[in-house]
Amino acid sequence: MTVNLHTHTYHCGHATCTPEEYVKRAIENGVKVMGFSEHVPFKFPNGKELDSHLQMKDVPLYFEEIKQLREKYKDQIEIHIGFEVEYLPKYFNQMYEQCIKMGAEYFLLGQHFVGNEEPWGHWVGQYQRPKEDLTEYVDLAIEGMKTGKFTYLCHPDVIDATNDMDFYIKENTRLCKAAREYGVPLEINFFGIRDNRFYPFDKFWEIAGKVGCKVVFGFDAHDTLAAFDRDSIPVAKQIVEKYNLTLIENPKPVNLI
Ligand SMILES: [Zn+2]
Ligand SMILES: [Zn+2]
């Protein structure tokens, strides 16, 4: 695996190690293209920011650090700077314009919340979300993909709303068909694999395979070791083979401008 566009830094408050340690680990393991995709910074009109995102005050440092690394290691690795972005319909345009000004090159779509936007709704990663959450999650993910600004959809199977499997299949078929229609690949998320999370969820990938979706791999690194997560690669490959998915081995960041 020589391309990974999904990397966090200590700036989000729930990842460790310096960005340089991530870069070194990636280079040592043959990664050729690496993207930093910190959780997007955004200040709501009420002045609130979310703890687990890059804070506005740290934006200059985030870009400075990564630009320095890009220059320092330019002969060994191609480094991109972007964000993992929550799609918030009311604020997306504003967020997008701000990120362009900051110098962001690409967006990954990572939908972790549903519900009201000020300051945030509720997290979808809890067990057994109700049907309404699944519908809202799928609606938001589709609307986000439709903007054409996202390189791929991170952990599309993050929401555990599987009480009614027929409903799960129906809604996720809708999501997968939209991903195919808008040409947005779906990420098999390695954080889910190494952390034994609910996702990757088999049934989801079975649906994605039937619909004919394209997939990418993302380390979703929150520590140095995961900047090359060797152990999860065979698990992800097995999913690709089992469900006849089309793997894009060298995804290119979709330019934001
Ligand atoms: Zn995420
Ligand atoms: Zn992430």
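Structure: see above.
Scoring rules and cut-offs
- Residues numbered from 1 in each chain as written.
- Chains lettered and ligands numbered in written order.
- Predicted model: local features only at pLDDT ≥ 70, side-chain atom pairs only at ≥ 80, totals over all residues.
- Buried ≥ 20, exposed ≤ 12 C-beta atoms within 10 Å, placed from the backbone.
- Helix = DSSP H or I, 4+ residues; strand = E, 2+ residues; numbered from the N terminus.
- Arc of directions from axis to C-beta.
- Contact = placed C-beta atoms within 7 Å.
- Pairing = 2+ DSSP bridges.
- Right-handed = clockwise from strand over helix to strand, strands pointing away.
- Axes fitted to C-alpha atoms, helices over the stretch in contact; angles between N-to-C directions.
- Left-handed = near helix turned anticlockwise from the far one by under 90°.
- Expected span 1.5 Å × (residues − 1).

A. Main features of helix H1 (residues 19-28). Those residues of H1 not exposed but buried are Pro19, Tyr22, Val23, Arg25 and Ala26. When H1 is viewed along its axis, its buried side chains cluster within an angular range of 165° and face the same direction. Considering only its buried residues, H1 is in contact with strand S1 (3-4), strand S2 (33-39), helix H2 (59-72) and strand S3 (78-85). Positive backbone phi, at 85°, marks Gly30, one or two positions downstream of H1.

B. Quick peek at the pairing of strand S4 (residues 106-109). Burial along S4 is two-sided: the face carrying Tyr106 and Leu108 and the face carrying Phe107 and Leu109 are both buried. The sheet contact formed by S3 and S4 spans four bridges and is parallel. Looking at the pairing, Glu84 lines up with Leu108 of S4. Crossover S3 to S4 through helix H3 (residues 92-102) is right-handed. Bridging between S4 and strand S7 (residues 150-153) involves two bridges; their strand directions are parallel. Residue pairing in the sheet places Phe107 in a bridge with Phe150 of S7.

C. Just the packing of H1 against H2, in detail. Where H1 contacts H2, the axes come no closer than 10 Å and their chain directions differ by 30°. For H1 against H2, the interelement crossing comes out right-handed. Packed against H1, whose contacting residues are Pro19, Glu20 and Val23, the element H2 presents Glu65, Ile66 and Leu69 at the interface.

D. Looking closely at H2. A rise of 1.5 Å per residue sets the reference length of H2, with its 14 residues, at 20 Å; its end C-alpha atoms lie 20 Å apart and thus fit the reference within 8%. Where H2 is concerned, the buried positions are Tyr62, Ile66 and Leu69. All buried residues of H2 lie within an arc of 55° about the axis, which places them on one face of the element. In H2, the exposed residues that point more than 90 degrees away from the buried face are Pro60, Glu64, Gln68 and Glu71. Looking at the buried residues of H2, the elements they touch are H1, S2 and S3.

Geometry only, nothing functional implied.
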